[in-house]
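Residue strings, one per chain:
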Amino acid sequence: MAAAPVRQRSGPGGPRAQLPPCYYEGYLEKRGPKEKASRRLWTCLCGNSLYFFNNAKDSHFVEKLDLSGFVSLKDDCSRDRNLEAARLILRMKDGETKITAPNLESRELWKGFLYSVVDLNVPSYLTLLPGQLQMLKEVVDKERSRRRTRTPTRAPPSRAPPSPLSVPLVGEIPPCFRPVSRTEAEVLLERHPDCGNMLLRPGRDGCSLAVTTRQDLNGSVFRHYRVTQRDQGGYIIDVENPIPCATLHEVIDALVEKTAGTLQPFLLEEPYEENITYVSANDENGERILHTAPSSPLPKAPALPPKQDRWPSSPLNRSPAPDRRILTSSVPASPTNPMRRLILSPSPLAQTFNEELKMKLEKRRASQE
């Protein structure tokens, strides 16, 4: 379903020419918080508001819905009498509005236009064609320009797009930090309920942070808490009784403790490759092909030969080990003989025998004299 052209009509009371520029329009069935039945109305997204008309030819709108109170937008999977119809739940600060689009394609387009106007950013998580995404980009540019010309000296609009933080963060950033907008944070928490229900994200003003939480109470209930950085260091959770924290990790721990563990940090595990792949060109035709590296373990390197001595000696050149019995054999008693020190000392018995022999020799020599 393509965006319908804007019909400029004049008339007393509420001419369309006086409305903001119309970005998208078409028939929708709408049921507000206090309405018991749905009404089929011609709906125009003009600026940051939805205008409802009884039909496409009317110049006066019968109802206006300002999107500045936007909280969330999600699909309603309940069945309709029209099997092709697709439902939406538009949650605002003052209640829920149920919307029914003619078909799934129309619902996806309405979601794209609403998110683009609310966040001033083209949503990347919707199933849209390239031409439709380009149309949303043009809407974002027009709405930004409209808001700048409308309030040239005022502060940025309340639904400004998320901008990078202009102040340095203190300490280590918790793993539940995600650089997403308010709406994208709600979508993440709703799509992955098993990964946690609380994430930290940048604030809209670029100078603060925010914590987005999701809980179930007959449907998704989202809450957003502002976290500001103190001049003297640390952070404060801006609630009725401000909670000071030294680091961002303490901010998350404080919310977990205050809720008795009901709130848990959002930890989404990103997928990783299980095999190593590489691209190479075919030698014959030059075509580049993606290959998968073999998963078998690499062959071990061959063992190095044992290290040899630097000066090897041949067994033929080796001298035989000295025989200890040679050392105990008779060796000339020359004082200059170096082997004399290796001769074993005589035993005490041999020394006594030598002394007796010496005495007998001396007696015999004396008697002869």
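In the block above lies the structure referred to throughout.
About the thresholds
Residues numbered from 1 in each chain as written. Predicted model: local features only at pLDDT ≥ 70, side-chain atom pairs only at ≥ 80, totals over all residues. Heavy atoms only, no water. Helix = DSSP H or I, 4+ residues; strand = E, 2+ residues; numbered from the N terminus. Buried < 20%, exposed > 50% of the residue type's maximum accessible area, 1.4 Å probe, protein only. Contact = heavy atoms within 4.5 Å. Pairing = 2+ DSSP bridges. Axes fitted to C-alpha atoms, helices over the stretch in contact; angles between N-to-C directions. Core = buried A, V, L, I, M, F, W, Y, C linked by side-chain atoms within 4.5 Å. Salt bridge = Lys/Arg side-chain N within 4 Å of Asp/Glu carboxyl O.

Peer 1: Just checking my understanding: could you explain the environment of valine 117 for this structure?
Peer 2: Within the fold, valine 117 resides in helix α1 (residues 104-119). A relative accessible area of 0% places valine 117 in the buried class. Measuring from C-alpha to C-alpha, the distance between valine 117 and leucine 136 comes to 8.9 Å, with 19 residues separating the pair along the chain. The residues contacting valine 117, other than those within four sequence positions of it, are Tyr23, Leu45, Gly47, Asn48, Val139, Glu143 and Arg147.

Peer 1: Please explain the sheet that holds strand β4 (residues 63-66) as it appears in this structure.
Peer 2: Here we have seven strands laid out as an open sheet, ordered β4-β3-β2-β1-β7-β6-β5, and antiparallel in their pairing. The strands lining the two open edges of the sheet, one partner per strand, are β4 and β5 (70-76). Averaged over neighbouring strand pairs, the angle between their axes works out to 35 degrees when direction is ignored.

Peer 1: Even after reading the chapter, I still don't get the sheet that holds strand β10 (residues 220-229), so can you show me in this structure?
Peer 2: Read from one edge to the other, the open sheet built from five strands follows the order β8-β9-β10-β11-β12, with strand pairing classed as antiparallel. The two strands at the open ends of the sheet, each matched to only one other strand, are β8 (198-202) and β12 (243-245). Adjacent strand axes in the sheet meet at a mean angle of 25 degrees when their direction is disregarded. Inspection of the sheet shows β8 paired to strand β9 (residues 209-216) by five bridges, in the antiparallel sense.

Peer 1: Sorry if this is basic, but what is going on with unusual backbone geometry here?
Peer 2: Excluding glycine, a negative phi dihedral is what most residues carry, and trans is how most peptide bonds are arranged. Located in the positive-phi region is leucine 120, a residue other than glycine, with phi close to 55 degrees. Take leucine 120: it is sitting in the loop between α1 and α2 (130-150).

Peer 1: Teacher, can you tell me more about helix α3 (residues 182-191) here?
Peer 2: One turn of an α-helix holds 3.6 residues; hence residues three or four places apart share an orientation. For α3, a buried count of eight out of ten residues is recorded, marking the element as mostly surrounded by other parts of the structure. Within α3 the residues assigned to the buried category are Arg182, Thr183, Glu184, Ala185, Glu186, Val187, Leu188 and Leu189. On its buried side, α3 packs onto β5, α1, β8, β9 and β10.

Peer 1: Got a minute to help me understand the pairing of β5 in this structure?
Peer 2: In summary, the side chains of a regular strand alternate between the two faces of the sheet. Here β5 lies mainly inside the structure; six of its seven residues are buried. Bridge count between β5 and strand β6 (residues 86-92): six bridges; the pairing is antiparallel. Residue pairing across strands places serine 72 opposite arginine 91, the latter belonging to β6.

Peer 1: Is there a simple way to think about the nonpolar core in this case?
Peer 2: A general trend in soluble globular proteins is that nonpolar side chains are found buried together. Counting residues in hydrophobic clusters, the biggest one holds 29 residues, and the most contacted among them are Leu45, Leu50, Leu67, Leu90 and Phe113. Among the elements of the structure, β1 (22-31), β2 (39-46), β3 (49-53), β5, β6, β7 (95-101), α1 and α2 are those that each provide at least two residues to this core. Here this core takes seven residues from α1, the largest share from any one element. Val227, Tyr235, Ile243 and Val251 belong to the second largest nonpolar core, which has 17 residues in total.

Peer 1: Got a minute to help me understand the pattern of salt bridges in this structure?
Peer 2: Opposite charge on two side chains permits pairing when their charged atoms draw close. This model, assessed by the stated rule, comprises 13 salt bridges. Of the charged contacts in the structure, one is a salt bridge between lysine 74 and glutamate 190, with a shortest N-O distance of 3.8 Å. Of this pair, lysine 74 sits in strand β5 while glutamate 190 sits in helix α3; the two residues are 116 residues apart in sequence, bridging distant segments of the chain. On the basis of relative accessibility, which here comes to 17%, the residue lysine 74 falls in the buried class.

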